[in-house]
Amino acid sequence: MNNNGEERRLNGAAEDDDDDEDDDGNGRGLEAWERTYADERSWESLQEDESGLLRPIDNKTFYHAQYRRRLRSASAVRIQKGLIRYLFLVIDLSKAAAEMDFRPSRMAVVAKHVEAFIREFFDQNPLSQVGLVTIKDGVAHCLTDLGGSPESHVKSLMGKLECSGESSIQNALDLVHDYLNQIPSYGHREVLIFYSALSTCDPGDIMETIQKCKKSKIRCSVIGLSAEIFICKHLCQETGGSYSVALDESHFKELILEHAPPPPAIAEYAIANLIKMGFPQRAAESSIAICSCHKEAKAGGGYTCPRCKARVCELPTECQTCGLTLISSPHLARSYHHLFPIVPFDEMSTSLLSDPHRKLSKACFGCQQSLLGFGNKPGPRVSCPKCKHQFCLDCDIYIHESLHNCPGCESARHSKPVAMSEE
Amino acid sequence: MASAPSKLYADDVSLLMVLLDTNPLFWSTSSLPFSNFLSHVLSFLNSILLLNQLNQVAVIATGYNSCDYIFDSSVSTSRGLENGRMPALCSNLLQKLEEFVVRDEQLCKEGSENGLASSLLSGSLSMALCYIQKIFRSGPLHPQPRILCLQGSSDGPEQYVAIMNAIFSAQRSMVPIDSCYLGSNNSAFLQQASYITGGVYLKPQQPDGLFQYLSTVFATDLHSRTFLQLPKSVGVDFRASCFCHKKTIDMGYICSVCLSIFCKHHKKCSTCGN
């Protein structure tokens, strides 16, 4: 029985898939369940320690290697980034979106991750605005207009999830182009299309539309859910966007979250300008006023526009009465880490770790976790090129992805004051 | 902007990170002597550890030139001066604090004591957040972390960006930052930190009774806070200051490239030249 299996495995690589025939004869190729184990034998990575008990599988070095690859592709050089973004999300609701290769359906997966993306987007880009467009029956509808409040977008998206008909990229691009032409010149115009279909049904010449978008400086990116399509690739190449196709749900999540941080700005695309903005004060708890967003009387806890004294409920927003953009200083501060990025830490190679002259810390500077590996030998670690403190791999990932401060550099007094000063 | 929504905490086990300000430039001019302050804090730490068997405490000293861990309750401490009068916790903490202050003083560079005497709050906040991340990774049953800043030194404007980064990271991880400010004027950074992360900011009216403030306001765990009326934040000023005159403005001009704030319209941004 075993020999039979070996034989089949050897000549199984070149055979076709054939899911229907479970008990097939010799030389017909691998079964479906055998194919999943042909390359990856996860049981071989288990190890036993001295007493015969199983060691837990250490995924840390794997995740860290993944993170380092991601960091290398995003260079640490200070590139000018487009911080004030006007982004349209185009969701394909044609009949291809009902396919179930993503569970429960492509449309449901897209909606779930778009909701998470919208929240992450406003977290990282508080001064930007998002709009939603759907393509159904070959026609593009604008679901929500460009706005800065995540709740309204999420609510309207979740309410309208039905798919039918064909999909048309040209109609979507035309609609988005008309909306994006109305925005101020200092904003960066972007479109992100989630494409499930394998074709596009257009009323005219899509190449003309692509050239129109390119001339209006709209950066179009596409995330495909089925296969690579030439027209999407061409669109992204022409407008300077990025095209990627998702392999599965977790890959899709990774791809969509890559669009949350601001992309490198192409200098001619947005004209730098000084934008007038207001910093409203919080009203006293006992004050009663009619708020301009809900048109009803509210007690306490709102903000007063400094120019027209109208009351607004939350920030950031645009005053409905006089059109002034209202923000608070933490909103600006959220974008400062894009302007002042921290340097990636250096990996300490094994040769450095075994060098007896090198002073190695016993514990990570940030979290005090022991940096000793098995048998009290120095374990893997990274060090900051500026302050030379050593950190564990988990702190490295946390510092660069969330905190954006090096604890070592912040715990040392600089002899010269840093250029950025406020308050 | 909205204050942080409070998470629903199901358990009352807490991890308290205490950031202790040891800036000698502040303590030499404070009405509350440092030794009295320490005795209030030590009693408070003991009471935290008594509230629940699984509670953990870690103390980071915020110095003038450096920051370091001086106490960690989860590490089994070596026996200190167990002479029956002082428990091992106190002696360990005091010993490490003594060593830290000596080291901190030695790091003083000539001529660096100009301007306001600020301590390195951004450094100790960053270290506390890294430690908290380690606790989050330790498994599904972990204590609920929070940070308490015992600060007296005034805000250092050069630390603004770093402190805001730390505040946003704490907000994302849902870690409240409480502050007990012992200096003379209010600290805008700590007020913003507590407002954004959903913590409590307090400036005690009578610093001599510090232990009472600490044990009534800051000792409760996050689960029980929903049943208490804690001091509310009032008058948090979120206005920005302009880069040219450093005065607070309520309407200004923002450069779309580098986000510098100006009070008057210019043709070119002086920071980035656009």
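All values reported here derive from a predicted model rather than from experimental measurement. (Residues numbered from 1 in each chain as written. Chains lettered and ligands numbered in written order. Predicted model: local features only at pLDDT ≥ 70, side-chain atom pairs only at ≥ 80, totals over all residues. Heavy atoms only, no water.)

### Quick notes on the interface of chain A and chain B
The partner chain B presents 62 residues to the 58 residues of chain A that form the contact. Here chain A meets chain B over a buried area of about 5600 Å², counting both sides, of which 58% is carbon and sulfur. Here chain A and chain B share three salt bridges between them. Two residues, Arg137 of chain B and Asp394 of chain A, come together in a salt bridge whose shortest N-O distance is 3.5 Å. Between chain A and chain B we count 15 residue pairs in polar contact (both at pLDDT 80 or more) in total. If you list the elements that add at least two residues to the side of chain A that touches chain B, you get helix H4 (106-124), strand S7 (274-278), strand S8 (281-282), helix H10 (329-334), helix H11 (336-339), helix H13 (393-403) and helix H14 (407-410) of chain A. In terms of residue count, the dominant contributor to the side of chain A that touches chain B is H13 of chain A (seven residues). Among the residues making up the side of chain A that touches chain B, the classes are represented as 29 nonpolar, 17 polar and 12 charged. With five bridges joining them, S7 of chain A and strand S9 (residues 251-255) of chain B adopt antiparallel strand pairing. (Contact = heavy atoms within 4.5 Å. Buried area = accessible area lost by both parts, 1.4 Å probe. Salt bridge = Lys/Arg side-chain N within 4 Å of Asp/Glu carboxyl O. Polar contact = N/O pair within 3.5 Å; in protein donor to acceptor, adjacent residues only side chain to side chain. Helix = DSSP H or I, 4+ residues; strand = E, 2+ residues; numbered from the N terminus. Nonpolar A, V, L, I, M, F, W, Y, C, P; charged D, E, K, R; others polar. Pairing = 2+ DSSP bridges.)

### What to know about the nonpolar core
By size, the foremost hydrophobic cluster in this structure holds 101 residues, and its most contacted members are Leu180, Ile193, Leu332 and Phe391 of chain A together with Met17 and Ile147 of chain B. If one sorts the elements of this core by residue count, helix H4 (residues 121-136) of chain B sits on top with nine residues. Those residues in contact with Phe391 of chain A that sit more than four places away from it in its chain are Phe345, Cys364, Phe365, Gly366, Leu371, Arg381, Val382, Cys384, Ile399, Cys406, Pro407 and Gly408 of chain A. Residues Leu20, Leu45, Leu150 and Val200 of chain B belong to the second largest nonpolar core, which totals 35 residues. (Core = buried A, V, L, I, M, F, W, Y, C linked by side-chain atoms within 4.5 Å. Buried < 20%, exposed > 50% of the residue type's maximum accessible area, 1.4 Å probe, protein only.)

### Looking at the UniProt feature "domain: VWFA" (unreviewed entry) in chain A
Residues annotated in UniProt with the feature "domain: VWFA" (unreviewed entry) correspond here to residues 86-226 of chain A. In the segment residues 86-226 of chain A, helix accounts for 36% and strand for 28%; the C-alpha atoms at its two ends are 27 Å apart. (UniProt positions renumbered as here; feature names shortened; annotations may be inferred.)

### Let's talk about the sheet that holds strand S13 (residues 317-318) of chain A
Spatially, S13(A)-S14(A)-S7(A)-S9(B)-S10(B) is the arrangement adopted by the five strands of the open sheet, whose pairing is mixed. Each end of this open sheet is capped by a strand with a single partner; those strands are S13 of chain A together with strand S10 (261-262) of chain B. By the bridge criterion, two bridges tie S13 of chain A to strand S14 (residues 325-326) of chain A in an arrangement that is antiparallel. Paired with Glu318 of chain A across the two strands is Thr325 of chain A, which belongs to S14 of chain A.

### Some remarks on the sheet that holds strand S6 (residues 243-245) of chain A
Residues and elements named next belong to chain A. Ordered in space as S3-S2-S1-S4-S5-S6, the six strands form an open sheet in which the pairing is mixed. The sheet is open, and its two edges are formed by strand S3 (139-147) and S6, each paired on a single side. Put simply, the sheet's adjacent strands are angled 15 degrees from each other on average, direction ignored. For strand S4 (residues 188-195) and strand S5 (residues 218-224), the ladder comprises seven bridges, and the chain directions are parallel. From the neighbouring strand, Phe194 faces S5, where its bridge partner is Ile223. Contacting strand S1 (85-92), strand S2 (129-136), S3 and S4, H4 crosses the sheet at an angle of about 175 degrees to S1. Packed on one face of the sheet, helix H8 (residues 230-239) meets S4, S5 and S6 and runs near 150 degrees to S5. (Axes fitted to C-alpha atoms, helices over the stretch in contact; angles between N-to-C directions.)

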